[in-house]
Amino acid sequence: MTVDAVIVGSGPGGATAADVLSAAGWTVAIVEKGRNHLLDPDDLTRPGADYSNDEVKFHTRHFLGPDPLVEPRTFRTSEEDGDRTFVGEVNSVPSTVGGGGTHADGKVPRFRPDDFRLRSVLGPQPDADVEDWPIDYEELEPYYAEVERMVGVAGLDGANPFAAPRSTPFPMAPGAPMFGALRSVEAAERLGYHPYPAPTAANSVPYDGRPACNNCGFCSFFGCPIHAKGDPVAMLRRTMATGRAELLSESFVSRIRIEGRRATGVDVTGPDGRERFVAARHVIVAAGAIETPRLLLLSGLDHPLIGRYYMAHFQTITAGGMPFRTWAERGRAVTHVHDDMIVGDERSREAAAAAGLPWIRGGLVEHSGAAMPIMEAKHYPWGAAHPGLMADSPIRKRLWAMIMQGEDLPYFHNRVDLDPTVKDARGFPVARVTYRPGRHELVASEHFGPRLAAILQEMGAEWTAVTTSPGRGNAESPESVPESRHNVGTTRMGTDPATSVVDPTGRVHSLDNVVVADSSVFVTSAGYGPTLTLVALAARAAHVLAGTAPQP
Amino acid sequence: MWLTDEELRVLTAACERVVPAGDAGPGAVGAGVPAYIDTLLGAFTFDPPRIWAGGPTSGRRGGDPAFATFHRLGPLDELAWRMRIEGSRGLPEREFNGPVRGLQEQYRDGLAALGEGFCDLDPDAQDAALRALPAFTALLYGHACEGLYGAPEYGGNRDGSGWAAIGFAGDVQPRGWTDAEVSTP
């Protein structure tokens with residue numbers, strides 16, 4: 001049997017493509033290398049019961065995968081490091097049914113119009129290949145509106161003075177503001193910034209057959225036990241309910257089979273280790289910006305830009321110790337953010353000029369704390385001081401933080417390729433990430449870090465500290481591995497096949513029926529989390545294939 | 001029990017130094033960290049293996065006591081966790097990237113290096129012995145943190161004593177927190 005589309009990956013991109021295509025009458029096979037902990041195994045139209053408030057299971061024991069022992073990646077900061085400096089977990093998002101949607105705390109901002117035309121608006125940067133996207137915000141807006149409804153986004157219209165124009169209101173009002181955020185919002189406003197309730201894919205009211213979030217606090221890196229989070233559960237349930245979809249979990253796609261300009265299907269290794277061929281009229285690749293280029297390379301595609309321009313968000317993390325309990329363990333992990341460090345101001349323009357750069361951009365700033373005790377405990381030394389530190393709890397009880405998702409510029413030398421020797425347990429070469437921040441990212445971080453610390457001081461902080469992720473130590477240190485989980489930009493989108501891998505609809509230039517439907521296609525990284533934009537792009541790609549229109 | 005009685009005696013003495021008992025809390029031994037570690041090392045003596053507690057609730061805040069029913073492992077999960085706990089043991093299917101030293105061997109070697117005499121040393125000498133084995137002590141300490149502040153179903157955090165000592169509510173589903181508790185605690 002030949003399906004209309006085989007979809008590689010069940011995360012936000014793949015699930016969205018599956019939803020749109022199956023609604024249009026297509027038969028789809030969704031192939032996911034990880035396990036199904038999202039849907040009820042006895043009835044895939046119902047949510048499952050595997051997620052829980054369990055820090056051991058989710059933070060230290062790889063419940064959502066990938067387990068770095070059997071599915072490692074490798075890392076180096078540049079070719080000069082040699083083949084690799086690190087083998088293990090490299091900026092992994094979950095490898096499981098639902099993909100990265102399952103562990104995210106659901107911040108789903110839209111990009112702004114400038115994000116799609118950085119070259120035109122701000123101009124080029126030395127060392128980086130900053131280009132405009134081949135589509136603009138206006139083109140994508142109807143798809144943003146559609147996917148906000150599909151995912152279920154809570155937000156406050158008009159709260160962000162820098163927000164992009166919207167054709168539709170947010171589907172839900174924001175959920176309960178966190179105590180610490182109320183205090184940091186006041187402080188930020190006193191300093192002239194413009195914080196607002198974070199657009200969040202967590203239900204504030206019952207929505208689409210799922211309950212309202214009950215603020216349990218186990219959000220970042222956890223699956224939602226009550227399915228209040230807008231992970232791909234809604235799209236996958238709808239897809240399975242059409243009766244036109246098959247979900248193959250624990251199934252790894254090792255190769256897209258290609259004849260001339262057409263793919264005929266994919267080779268799949270199942271949970272029993274046996275290989276089968278899934279024949280398809282179209283192949284949708286939605287494995288994420290590290291695994292997608294890996295699959296294209298494993299399939300023998302040889303475009304020189306496959307894997308190039310990997311971006312991850314160079315994070316600036318500013319922490320402050322408060323003289324009061326911040327209660328970060330209650331609520332949605334992050335309820336407030338601000339855009340001021342993306343938009344920039346006279347001070348940031350002066351900082352760029354002083355560094356000899358034409359411009360700098362920071363990123364979305366998340367107001368948040370630290371909630372989990374095992375994570376906290378591992379930050380303290382062993383010995384007699386431990387019990388007192390844990391009871392006093394400068395990290396979990398009293399820390400508040402400003403985390404900036406700093407925009408990475410696209411550099412040719414930052415890339416994903418196949419490691420020459422390291423393999424996964426199935427025997428296939430693993431992805432190797434080569435990444436280091438450029439001067440733009442370092443200058444932006446050095447400028448905005450102290451300004452974020454000033455907000456925490458205004459909030460009452462007794463001490464502040466600024467760090468970055470990745471850290472700025474030597475290349476051999478594991479701290480040089482990024483941990484943002486925001487992987488984008490490895491199959492760049494464009495109109496010219498010489499300077500891009502996919503066309504403006506996500507179709508691989510050299511093939512007639514292979515489409516990339518994830519964040520790999522991003523031309524620039526913007527300073528926002530990639531999820532909503534990649535989902536909107538996946539919806540658009542699927543609508544183009546099916547000849548249907550978005551439903552706002 | 002996976003560890004021998006002698007190994008468990010040394011482990012218990014080391015745990016008491018890594019996180020001592022006191023006014024501020026039960027310490028690693030009081031919270032059951034040795035049982036947490038022994039359960040992990042012997043995870044495959046249980047069926048299903050004691051790797052991932054079940055969901056969605058523990059019963060501590062309502063709902064069913066589902067944490068107590070551990071998840072079954074898929075084939076790749078089992079391979080990964082046998083590699084991590086047992087090591088690669090020269091098996092080709094576990095050595096696709098070379099040999100892997102398992103937790104069982106790391107504990108067996110680390111406890112042997114401390115030696116049975118460790119239990120009879122005075123506390124300062126015990127600390128010095130631990131500092132002389134930094135890799136092993138870091139491994140032990142990481143597990144002590146998990147055994148103190150992880151869910152009791154994994155064998156540690158006895159009766160929630162680890163959470164009680166630090167004012168942490170633990171797993172709160174299905175109750176969660178009210179909007180008022182979030183915004184004005």
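Given the structure is predicted, the values throughout are model-derived calculations rather than measurements. (Residues numbered from 1 in each chain as written. Chains lettered and ligands numbered in written order. Predicted model: local features only at pLDDT ≥ 70, side-chain atom pairs only at ≥ 80, totals over all residues.)

### Some thoughts on the overall build of chain B
Helix and strand content of chain B: nine helices and zero strands. Scanning chain B from its N terminus toward the C terminus, one meets helices and strands in the order α-α-α-α-α-α-α-α-α. For chain B, the residues scored as buried account for 44% of the 185 residues in total. Contacts in chain B between residues at least 24 apart in sequence constitute 55% of all its contacts with a sequence separation of at least 6. (Helix = DSSP H or I, 4+ residues; strand = E, 2+ residues; numbered from the N terminus. Buried ≥ 20, exposed ≤ 12 C-beta atoms within 10 Å, placed from the backbone. Contact = placed C-beta atoms within 7 Å.)

### A short note on the interface of chain B and chain A
Contacts between chain B and chain A engage 50 residues on the former and 49 residues on the latter. In terms of residue count, the dominant contributor to the side of chain B that touches chain A is helix H7 (residues 134-149) of chain B (seven residues). Its residues placed into classes, the side of chain B that touches chain A shows 30 nonpolar, 14 polar and six charged. (Nonpolar A, V, L, I, M, F, W, Y, C, P; charged D, E, K, R; others polar.)

### What to know about the pairing of strand S9 (residues 252-259) of chain A
Direction of pairing for S9 of chain A relative to strand S10 (residues 262-269) of chain A: antiparallel, over a ladder of seven bridges. Residue pairing across strands places Glu259 of chain A opposite Arg262 of chain A, the latter belonging to S10 of chain A. (Pairing = 2+ DSSP bridges.)

### Section: the environment of Gly155 of chain B
All names here are of chain B. Within the secondary structure layout, Gly155 lies in the loop between H7 and helix H8 (161-166). The spatial distance from the C-alpha of Gly155 to the C-alpha of Val33 is 7.4 Å, given a sequence separation of 122 residues. When neighbours within four sequence positions are excluded, Gly155 is seen to be in contact with Gly32, Ala35, Tyr36 and Thr39.

### Remarks on the sheet that holds strand S17 (residues 429-434) of chain A
Residues and elements named next belong to chain A. Taken in spatial order, the four strands of this open sheet run S6-S5-S17-S16, and their pairing is mixed. Unpaired on one side and paired on the other, strand S6 (86-88) and strand S16 (415-423) mark the two borders of the sheet. When the angles between neighbouring strand axes are averaged without regard to direction, this sheet yields 30°. Relative to S17, S16 runs antiparallel, the two sharing five bridges. (Axes fitted to C-alpha atoms, helices over the stretch in contact; angles between N-to-C directions.)

### Concerning helix H6 (residues 233-241) of chain A
All names here are of chain A. Judged by how many residues are buried, H6 sits mostly within the fold: seven of nine residues are covered. Buried within H6 we find Val233, Ala234, Met235, Leu236, Arg237, Thr239 and Met240. Tucked into the core, H6 has its buried residues touching helix H1 (12-23), strand S2 (28-31), strand S3 (39-40), strand S4 (43-47), helix H4 (137-151) and strand S8 (245-248). Note on H6: the residue one or two positions beyond its end, Gly243, has a positive phi of about 75°.

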